[in-house]
Amino acid sequence: MIDAVTGRVRAAQQAVARISAAPLLVRAGIFVIVFAGFALAFPAEVLSGRPLLFLAVAALFPAFGPRRVWAVFAALVTVGGWLLATDGYGRPVALWRLLAVAALLYLAHTLCALAALLPYDAVVDPALITRWLLRAGGVLLGTAVLGVLLLQAAGMGGEAGYQWVTVLGLLLAVGTAALLGWLLRRR
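Residues numbered from 1 in each chain as written. Predicted model: local features only at pLDDT ≥ 70, side-chain atom pairs only at ≥ 80, totals over all residues. Heavy atoms only, no water.

Draft legend 1. Main features of a nonpolar patch on the surface. On the surface, a cluster of nonpolar side chains totalling about 470 Å² of accessible area is made up of M1, I2, V5 and V9. On the secondary structure map, V5 appears in helix α1 (residues 2-17). (Patch = residues over 30% accessible without salt bridge, like charges linked within 9 Å, V, L, I, M, F, W, Y side chains within 5 Å. Areas by Shrake-Rupley, 256 points an atom, 1.4 Å probe, with all protein chains shown as cover. Salt bridge = Lys/Arg side-chain N within 4 Å of Asp/Glu carboxyl O. Helix = DSSP H or I, 4+ residues; strand = E, 2+ residues; numbered from the N terminus.)

This is the structure in structure tokens:
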């Protein structure tokens, strides 16, 4: 019994000693981006005291478990904070805030995908992370430009916000994820 515990402690010490900087930086980036998304999505009245501690812990989950359900959990908490701010506290929907929250959600998602591929002891060329982030930046820029152009073309830009569109988008995203998961299991 003691030998088994000692062996596990030594194995844990060796694993911690082998951790490299790049995977840790990616995981720290996940925490920072998820927490920034929470800060933008939630109303300012909620961001003090104990709720702030809970949000910080919730931002740690996808950083430590990017292969698990925690990235989806963090995205749902962010969307819930957005709905709370717009519905519960009457914060108007501002285009810049909407684009920023969407960008942070995408960055958190793509960094979780990268972190899921990187073991803690991986030796990573910094160019890999740079290319990954540049590709994500290109996707974000293209999406933001196209979104603003479509809003202007439809005449829906400005201060008008439609809650049903947010809920419909969330339902479509969850439905798409469920369909993809079902298709992968079926294979």
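Okay, back to it.
Draft legend 2. Broad picture of the nonpolar core. The biggest cluster of nonpolar side chains holds 28 residues, and the ones touching the most others in it are V26, I30, V34 and F38. For this core, the secondary structure elements donating two or more residues are α2 (21-41), α3 (50-64), α4 (70-88), α5 (95-117) and α6 (126-154). Tallying contributions element by element places α5 first for this core, with eight residues. I30 has contacts with P62, A63, L111, C112 and A115, leaving out every residue within four places of it along the chain. (Core = buried A, V, L, I, M, F, W, Y, C linked by side-chain atoms within 4.5 Å. Buried < 20%, exposed > 50% of the residue type's maximum accessible area, 1.4 Å probe, protein only. Contact = heavy atoms within 4.5 Å.)

Draft legend 3. A look at α5. Taking 1.5 Å per residue as the helical rise, α5 with its 23 residues ought to reach 33 Å, and the 33 Å between its terminal C-alpha atoms agrees with that figure. Of the residues making up α5, those classed as buried are R97, V101, A103, L104, L107, A108, T110, L111, C112, L114, A115 and A116. (Expected span 1.5 Å × (residues − 1).)

Draft legend 4. The side chain of T78, seen in detail. When you line up the elements, T78 lands in helix α4. For T78, the side chain forms a polar contact with the main-chain oxygen of A74, separated by 2.8 Å. Ignoring any residue separated from it by four or fewer positions in sequence, one finds T78 in contact with G37, F38, A41, V101 and L105. (Polar contact = N/O pair within 3.5 Å; in protein donor to acceptor, adjacent residues only side chain to side chain.)

Draft legend 5. Local environment of the packing of aromatic side chains. Tallying each qualifying case throughout the model produces five aromatic pairs. Each ring, one from F61 and one from W70, has its centre 4.5 Å from the other, and the planes form 35 degrees; the classification is tilted. By relative accessible area, F61 is classed as partly exposed at 34%. A residue is classified by how much of its surface remains accessible, and W70, at 29% relative accessible area, is partly exposed. Between the aromatic rings of W70 and F73, the centroid separation amounts to 5.5 Å while the plane-to-plane angle is 85 degrees, which identifies the pairing as edge-to-face. You can see W70 and its partner F73 sitting in helix α4, three residues apart, about one turn around the helix. (Phe/Tyr/Trp six-rings, centres within 6.5 Å; stacked < 30°, edge-to-face > 60°.)

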